[in-house]
Amino acid sequence: MSQSANPSSSDTVKALVRSATPEQQRVLERIAVQRERLRARRAARAQSLALAERNPGINAIDESFALRAAGFARDHPIAVAAMAGVALLAGPRRLIRWGGVLLPMLMRLRR
């Protein structure tokens, strides 16, 4: 490969891709898939931020969990009271056990 060629030109990139070994081709394909995934993630984040700016009454993405929980409690006091009553009836041992089951699920949803 010559150093004088412009690496950003599409002809040079296509020539490099055509001359790649099968292992290199697989790596290049994985890189392309990853770049597309990152582009899609950036676009989704930009879209959700734009929606949050248009509707400031809706919980924003960047608010902390505590602020969102306080907002939920303010909007749904009966539901929060019912959950607190169920928690009192269940007892601390069951709450800790269910917390161990539900917390990993909630953490996966945040991604």
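Our subject is the structure listed above.
What counts and how
- Residues numbered from 1 in each chain as written.
- Predicted model: local features only at pLDDT ≥ 70, side-chain atom pairs only at ≥ 80, totals over all residues.
- Heavy atoms only, no water.
- 1 Å grid on protein atoms, 1.4 Å probe; cavity = no way out; pocket = protein on both sides within 12 Å on 5 of 7 lines; lining within 4 Å.
- Points joined across faces, edges and corners; volume = space filled by probe spheres on them.
- Helix = DSSP H or I, 4+ residues; strand = E, 2+ residues; numbered from the N terminus.
- Nonpolar A, V, L, I, M, F, W, Y, C, P; charged D, E, K, R; others polar.
- Salt bridge = Lys/Arg side-chain N within 4 Å of Asp/Glu carboxyl O.
- Patch = residues over 30% accessible without salt bridge, like charges linked within 9 Å, V, L, I, M, F, W, Y side chains within 5 Å.
- Areas by Shrake-Rupley, 256 points an atom, 1.4 Å probe, with all protein chains shown as cover.
- Axes fitted to C-alpha atoms, helices over the stretch in contact; angles between N-to-C directions.
- Parallel < 35°, antiparallel > 145°, perpendicular 65-115°, else oblique.
- Contact = heavy atoms within 4.5 Å.

S.K.: Could you give me a rundown of the layout of surface pockets, with the residues and numbers involved?
M.R.: Looking at the largest pocket, its volume works out to about 370 Å³. If you trace the largest pocket, you find 13 residues lining it, with Met83, Ala87, Leu95, Leu102 and Leu106 closest to the centre. Elements with a minimum of two residues in the lining of the largest pocket: α4 (77-90) and α5 (92-110). Residue classes in the lining of the largest pocket are distributed as 11 nonpolar, 1 polar and 1 charged.

S.K.: Go over the pattern of salt bridges, please, and point to the residues and values.
M.R.: Scanning all chains against the criterion turns up 1 salt bridge. Two residues, Arg39 and Glu36, come together in a salt bridge whose shortest N-O distance is 2.9 Å. With Arg39 and Glu36 both in helix α2 (residues 22-54) and 3 residues apart, the pair spans about one turn of that helix.

S.K.: I'd like to hear about a nonpolar patch on the surface, residue by residue, with values.
M.R.: A contiguous nonpolar patch, built from Trp98, Val101, Leu102 and Met105 and spanning about 400 Å² of accessible area, is present on the exposed surface. Turning to its location among the elements, Leu102 is positioned in helix α5.

S.K.: An account of the packing of helix α3 (residues 65-75) against α4 is needed here, citing residue identities and associated values.
M.R.: Their axes nearest at 5 Å, the elements α3 and α4 cross at an angle of 105°. It follows from the interaxial angle that α3 and α4 lie roughly perpendicular. Judged by residue contacts, Phe72, Ala73, Arg74 and Asp75 of α3 engage Pro77, Val80 and Met83 from α4. The class makeup of the residues in the contact of α3 with α4 is 5 nonpolar, no polar and 2 charged.

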